[in-house]
Amino acid sequence: MNNEENKGTLPEDDVGRPDETTDIEDRINATLDKILDDDEDEFDDIQVDYEDPEDEEPDNEAPDEENREIRETEDDYEKTKVWTDSSEEADEEESEEVMEEEPEQEEEVPAVRSRHKSARPGPVIYVPMDELDQNSDVPPGTRAKKKTHKGLKIFGLVMLMIIVLGGCAYGGISYYFTDRFFEGTWINGVDCSQKTAYEVEQLMAEKLSEYSIEVSSRNIAAQTIRGEDIDYQYMSTGEILQLLKKQKPYEWIRGLYEQKSYTVSENVGYNKTLLQEQLKSLNCAQAENQVEPENAYVAFRDNQFVIVPETEGSKLNIKEAYKLLDAAVEANEASIDFSDNQDAYVSAEVTQDDPALQSALEACNNYTKASITYTFGDQSTTLDGNTIKDWMQFDEKGQLVWDDNSFQQHVADYVAQLAATYDTVGTEREFQATSGRTVYVSSSVYGWKIDQAAETAQLSQEIQSGTQTTREPVYSQTANAYGVNDLGNTYIEVDLSEQHMYYYQDGVNIFESDFVSGNMSYADRQTHAGIFTLYYKKSPDVLRGGQKGTANYYEQPVQYWMPFDGGIGFHDADWRDEFGGDIYLTSGSHGCINLPPENAEVLYDLIQYDVPIVCFY
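Parameters and conventions
Residues numbered from 1 in each chain as written. Predicted model: local features only at pLDDT ≥ 70, side-chain atom pairs only at ≥ 80, totals over all residues. Heavy atoms only, no water. Axes fitted to C-alpha atoms, helices over the stretch in contact; angles between N-to-C directions. Helix = DSSP H or I, 4+ residues; strand = E, 2+ residues; numbered from the N terminus. Left-handed = near helix turned anticlockwise from the far one by under 90°. Contact = heavy atoms within 4.5 Å. Nonpolar A, V, L, I, M, F, W, Y, C, P; charged D, E, K, R; others polar. Pairing = 2+ DSSP bridges. Buried < 20%, exposed > 50% of the residue type's maximum accessible area, 1.4 Å probe, protein only. Core = buried A, V, L, I, M, F, W, Y, C linked by side-chain atoms within 4.5 Å.

Caption draft 1: View of the packing of helix 8 (residues 197-208) against helix 9 (residues 239-246). Contact pair helix 8 / helix 9: the axes reach a minimum separation of 9 Å and the direction vectors enclose 145°. The handedness of the crossing between helix 8 and helix 9 is right-handed. Counting all contacts with helix 8, which are made through Ala 197, Val 200, Glu 201 and Met 204, the residues of helix 9 involved are Ile 240, Leu 241 and Leu 244. Taken together, the residues of the contact of helix 8 with helix 9 sort by class into 6 nonpolar, no polar and 1 charged.

Spelled out as structure tokens, the structure:
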């Protein structure tokens, strides 16, 4: 059915219902006006307005059958109407066809509008899109493409808006963090997220306002020094502000997933004089709590010398202790233990590692290891550590009190004791004379004599080096045999009472002779009793006596001269005719032993330097 037919039949179909027909026509006319007057965007808006139930006022007066008839009438009407697309993209032929029919529509539509114009809005006529596409001469894909293009534009605009808004938000947040720390920022254990440098400084100051330090020491309970007691306060160094300046605001998003921790110096100020006073007021600094340290020392324990370590004590070195405390307070330390630092206390002057003490220990151990065995013929005596340790001095704790002079004196006393026991010089000996008499003879020039000075020096050195040896002492004089009777079996017996002499060699009499000894009428000419040894022998020689130029001066040549007691000796006396008997009592010599010349010659050939010469009355 075309439009002309639709126009002719429409009034007839609606006979008997003029009001309803008028409403339907008004709605159709309104719809056509929207389609013809608006562009594609407005057409889409009409469709949306139509679909929104709030924009249209539904016609509740028309029953379902009337609505159905209205829709059928509208369908017939639409079939006769040619749609015109106002879009510039429509095909020209479609535009011409529409334009050819428009004059007829313009003649009818205004009449309908003017005839049925009403203040009441007409009902909206629903035109299905599929029928519209089918009845329209516009190609089916053109409208879909336009909608797709429109959707992309909308999507692009939305995305652009999102990007712009996101950029603005990002920029705003970046600006916010130009003077604040990022999330997840910690400084010296304080959460500084979204805090300004000033706010962080305030947090630091608040943190340090409750400062105190606990002071521990040896054998004394810990005590606390409060910050307020020393005017303790936080002082900014500007490090926090420098950290903030190094922060790049546009990197704020990293703080959401990355935590950063910084450490800055917490510069503090306090009254050092008050700190000194607080230290001196602590219990560990009081005189009654001070225990002096004790030096390490050498002691004799369990039959050996050992080093007893030093005792630390608890006497504070106030100067050093203050330095340690001051450094701890400045570093904001919560506690300090003076026991951890040896410098805080007065130290022992001698420690177990002291080189001198180690040397003393070595020497003392050598003393106990030393063993010197002295031999005196078939007799012997041993000096060892058990005796040597008694020469050392120890205090009540067993500490060795080393006194070198005292030790050396002990060594000298020991050597002197050896000499007193084993020296025979100056001692009296029991002697069995050839005549059968038992006589007692002493001598200050013959016998064993220890060189005490030399022996003391050698013994001291051997003790210090821990020498273990067996030896004879150092002698200044020796005898033929050991023991009380040190004469042995080789000696010369001069019996001054009998005026007769014997020469025994290994117990055998190898020579004997009468003689004339010193004149007993003169005290200064008497031959001395005693034991002697030969000084030397000389042949010939001249004997001189007295003082030259005086009456008692003499010069007497002899052929054989054998001195043994100062100026007294054996010699030949060819001026005498008799020897032996009682001649010595009144006509004796000046003290020498006068021998017959022939006997003097024999003795001169036999006598040895170390043979003892025993003279007795």
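Read on for the rest.
Caption draft 2: Broad picture of the sheet that holds strand 12 (residues 379-384). Read across the open sheet, the 3 strands follow the order 12-11-18; overall the sheet is mixed. Two strands bound the open sheet, and with one partner strand each, they are strand 12 and strand 18 (468-471). Neighbour to neighbour, the strand axes of the sheet diverge by 10° on average, direction disregarded. Inspection of the sheet shows strand 11 (residues 371-376) paired to strand 18 by 4 bridges, in the parallel sense. Pairing of Ile 372 across the sheet is with Thr 469, part of strand 18. Against the sheet, helix 14 (residues 404-422) touches strand 11 and strand 12, its axis set at about 170° to strand 12.

Caption draft 3: Spotlight on the side chain of Arg 471. Along the polypeptide, Arg 471 turns up in strand 18. Aside from chain neighbours lying at most four places away, what touches Arg 471 is Ile 372, Thr 373, Tyr 374, Thr 375, Glu 455, Gln 458, Leu 459 and Glu 462.

Caption draft 4: Region of interest: the pairing of strand 21 (residues 500-505). Across the 6 residues that make up strand 21, a large majority, 5, are buried. Examined bridge by bridge, strand 20 (residues 491-495) and strand 21 share 5 bridges and lie antiparallel to one another. Across the sheet, Glu 493 pairs through a bridge with Tyr 502, a residue of strand 21. Following strand 20, the chain reverses through 4 residues before pairing antiparallel with strand 21; Gln 499 in that reversal takes a positive phi of roughly 55°. Here strand 21 folds back onto strand 22 (residues 508-514) in antiparallel fashion, the turn holding 2 residues, of which Asp 506 has a positive phi close to 55°.

Caption draft 5: How the structure looks around the nonpolar core. Counting 42 residues, the largest nonpolar core has Ile 388, Phe 431, Leu 459 and Ile 463 as the members making the most contacts within it. Mapped onto this core, the elements with two or more residues apiece are strand 9 (304-308), helix 12 (355-369), strand 11, helix 14, strand 16 (438-442), helix 15 (452-464), strand 21 and strand 29 (613-616). The greatest single-element share of this core, amounting to 7 residues, is contributed by helix 14. Residues contacting Phe 431, with those up to four places away along its chain left out, are Arg 437, Thr 438, Val 439, Val 441, Leu 487, Tyr 491, Glu 493, Val 614 and Phe 616. Counting 36 residues, the second-largest nonpolar core is a separate cluster that includes Ala 197, Tyr 270, Leu 279 and Leu 325.

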